[in-house]
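# Chain and residue survey
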Amino acid sequence: MEKRLYFVLGDVLANIIVATVALAVSSTLLGGNLGMLPGMLIGMFVGMLIALILSMGVLAPLLGIMEIMMPCMLGGMIAGMLGGMWDLSAAQILQWGAATGLGTLVLIYIMNALLTGPQQLNR
Amino acid sequence: MDLITQEKWDRAARSFDLMSANGPEKRWRPAKLSVFSRMRPDARILFLALGTGLDIETFPKGCNIAAIDISPKMIEAARERVAGYEGTLRAEVMDVHDMSFADNSFDQVFTSCTFCSVPRPVEGLKALYRVLKPGGELHMFEHTGSKIFPFNVMMTQMSRLASRFGPELDRDTVANVRAAGFEVTEVNHVFLDTVKTIHAVKPA
Ligand SMILES: C[S@@+](CC[C@H](N)C(=O)[O-])C[C@H]1O[C@@H](n2cnc3c(N)ncnc32)[C@H](O)[C@@H]1O
């Protein structure tokens, strides 16, 4: 599990920023106008696209490729889905963006703790 | 020589350090150190692929290493790092599919973020098998595809885009190593199941 302060703080900031921006864009563009299911699906793609641009363009060179791409894409996808379904106020975007970014990061850290290390070989 | 792959990586060489020298390299340094610490000073070592030489800082001193890369621009960018290595390190432009080394000529082969990039991975691994002595060791630091939903879907989709400029993100490198004839002895996950170290031997 990542313990270096630079990377832990970087992960927290990166995931909050990506989820908040994805939520803001999809809520502003779609914000419940399309109905639940189409809003969710299109929002998901909008969120993933934003996560891809931010993580590959800005964040990965500073913080690592896979370690940024995987949680940010997942957070962006979830935030985009939420924004596609609901028209949110600025305060709600900040709160939900931070919660989504942090939540996905915690999930990835837990999964990572479970998955890393030596593997059983099925020869 | 595969000129399409060579051109792709020559283009990537321009921005490679900007993209990889800071965050990615520092993130992976502990795992790379643990893999490359297995380099033995008494062994004849093949290293694939050199890139701009970012891995060199994690090599133990005093080893005898032949490093190859398909891209002359990458090798050019690595020149200073190669010169700074305290040991024997020769860098050559060579395609892994078409290596000029004799059969059974290396004791150890090391790879770093390579088999996401080599266009025909099983054939490339078979070429490594050919140049490795019986009983010789293959040590790899690689990123691979995931077997976990939704990461597997994400990696497959992103691979379509990423493979135009650089690596493929959805390969099953452990299966490829086995398919090339190696006996896999150790697999360690470094990040989720997408970054791993793989250790294998060519049966004696
Ligand atoms: C992602 S880079 C990794 C470079 C370096 N090991 C590192 O981690 O910084 C992949 C490298 O594989 C090289 N490569 C791709 N196909 C190759 C081939 N067929 N033969 C030799 N090298 C190849 C590319 O030129 C590129 O430098």
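That block above? That's the structure.
Computed from a predicted model, the values in this text were never measured in an experiment. (Residues numbered from 1 in each chain as written. Chains lettered and ligands numbered in written order. Predicted model: local features only at pLDDT ≥ 70, side-chain atom pairs only at ≥ 80, totals over all residues. Heavy atoms only, no water.)

## Quick notes on the interface of chain A and chain B
Short version of the rule: The contact rule is simple, with two residues in contact once any of their heavy atoms fall within 4.5 Å. Once two parts are put together, the accessible area they lose, assessed with a 1.4 Å probe and summed over both, is termed the buried area. We define a salt bridge as a side-chain nitrogen of Lys or Arg found within 4 Å of a carboxyl oxygen belonging to Asp or Glu. Throughout this description, a polar contact denotes any pair of N or O atoms lying within 3.5 Å of each other; where both atoms belong to protein, one of them has to be capable of donating a hydrogen while the other can accept it, and for residues adjacent in sequence the pair is counted only when both atoms sit in side chains. Only runs of H or I of at least four residues qualify as helices and only runs of E of at least two qualify as strands under DSSP, and these elements are numbered from the N terminus.
Taken together, the contact pairs 32 residues of chain A with 32 residues of chain B. Both sides of the chain A and chain B interface together cover about 2800 Å² of buried area, and 70% of this is carbon and sulfur. Close ionic contact of A:Asp11 with B:Arg27 constitutes a salt bridge, the shortest N to O distance being 2.8 Å. Where chain A touches chain B, the interface holds twelve residue pairs in polar contact (both at pLDDT 80 or more). When residues of the side of chain A that touches chain B are traced back to their parent elements, those giving at least two are α1 (5-29), α2 (36-63), α3 (66-85), α4 (90-115) and β1 (117-118) of chain A. In terms of residue count, α3(A) provides more of the side of chain A that touches chain B than any other element does, eight residues in total.

## So, the site of the ligand
Residues and elements named next belong to chain B. Quick note on the threshold: The near set for a molecule or strand comprises every residue that places at least one heavy atom within 4 Å of it. All accessibility values rest on the Shrake-Rupley procedure with a 1.4 Å probe; residue burial counts only the protein chains present in the view. Classification convention: Asp, Glu, Lys, Arg as charged; Ala, Val, Leu, Ile, Met, Phe, Trp, Tyr, Cys, Pro as nonpolar; all other residues, Gly among them, as polar.
Around the ligand sit 23 residues, and of these Ala49, Asp55, Asp69, Asp95 and Ser112 come closest. Taking Asp55, its side chain carries an N or O atom lying 2.8 Å from a nitrogen atom of the ligand. Val96 is positioned with one of its backbone polar atoms (N or O) 3.0 Å from a nitrogen atom of the ligand. Relative to its unbound accessible surface of 600 Å², the ligand loses 97% to contact with the protein. Of the residues contributing to the shell around the ligand, the split by class is 13 nonpolar, six polar and four charged.

## Focus on the sheet that holds strand β7 (residues 195-201) of chain B
The cut-off we apply is this: Two strands form a pair only when DSSP identifies at least two bridges running between them. Only the stretch in contact is used when a helix axis is fitted, and all axes are lines through C-alpha atoms; the angle between N-to-C directions ranges over 0 to 180 degrees.
In spatial order, the strands read β1(A)-β6(B)-β7(B)-β5(B)-β4(B)-β1(B)-β2(B)-β3(B); together these eight strands make up an open sheet with mixed pairing. Edge positions in the open sheet fall to β1 of chain A together with β3 (88-93) of chain B, since each of these has one partner strand only. Bridge count for strand β4 (residues 106-112) of chain B against strand β5 (residues 132-143) of chain B is six bridges, and the pairing is parallel. Opposite B:Phe106, over in β5(B), you have B:Leu132 as the bridge partner. Lying over the sheet, helix α3 (residues 72-83) of chain B contacts β2 (64-69) and β3 of chain B, oriented at roughly 165 degrees with respect to β3(B).

## Topic: a nonpolar patch on the surface
Residues and elements named next belong to chain A. Note the threshold: Patch membership requires more than 30% relative accessible area and the absence of a salt bridge. Residues of like charge join within 9 Å; the nonpolar side chains Val, Leu, Ile, Met, Phe, Trp and Tyr join within 5 Å. A 1.4 Å probe rolled over the protein chains alone gives each residue an accessible area, and that area as a share of the maximum for its type sets the label: buried under 20%, exposed over 50%, partly exposed in between.
On the surface, Leu34, Met36, Leu37, Leu41, Ile42 and Trp86 cluster together into a nonpolar patch covering about 570 Å² of accessible area. Its location among the elements puts Trp86 in the loop between α3 and α4. The class for Trp86 is partly exposed, based on a relative accessible area of 39%.

## Description of the side chain of B:Thr173
Positionally, B:Thr173 belongs in helix α6 (residues 173-179). Those residues in contact with B:Thr173, other than ones at most four positions away along the chain, are B:Phe115, B:Met140, B:Glu142, B:Thr144 and B:Ile198.

## Side note on the pairing of strand β1 (residues 44-48) of chain B
All names here are of chain B. Counting buried positions along β1 yields four of five residues, so the element is predominantly enclosed. Looking at chain direction, β1 and β2 are connected through five bridges and run parallel. By the bridge assignment, Leu46 is partnered in β2 with Ala66. With four bridges joining them, β1 and β4 adopt parallel strand pairing. Across the sheet, the residue bridging to Leu48 is Thr111, located in β4.

## Points about the packing of aromatic side chains
Residues and elements named next belong to chain B. Put simply, the test is: Pairing of aromatic side chains requires ring centres within 6.5 Å, counting the rings of Phe and Tyr and the six-membered ring of Trp. Pairs whose planes differ by under 30 degrees are stacked, by over 60 edge-to-face, and all others tilted. When the NZ atom of lysine or the CZ atom of arginine is within 6 Å of a ring's centre and also within 35 degrees of its normal, the charge is said to sit over that ring.
Inspection of every chain in the model, using the stated rule, returns nine aromatic pairs over all chains. Ring geometry for Phe101 against Phe106: centres 5.0 Å apart, planes inclined by 90 degrees, an arrangement best described as edge-to-face. Accessibility classification places Phe101 together with Phe106 in one group, the buried group. Members of the aromatic cluster, each reached through a chain of ring pairs, are Phe36, Phe47, Phe59, Tyr85 and Phe110. For the cation-ring pair, Arg44 lies above Phe106, with the distance from its terminal atom to the ring centre recorded as 4.4 Å. Over the face of the ring belonging to Tyr129 we find Lys202, whose NZ or CZ atom lies 4.8 Å from the ring centre.

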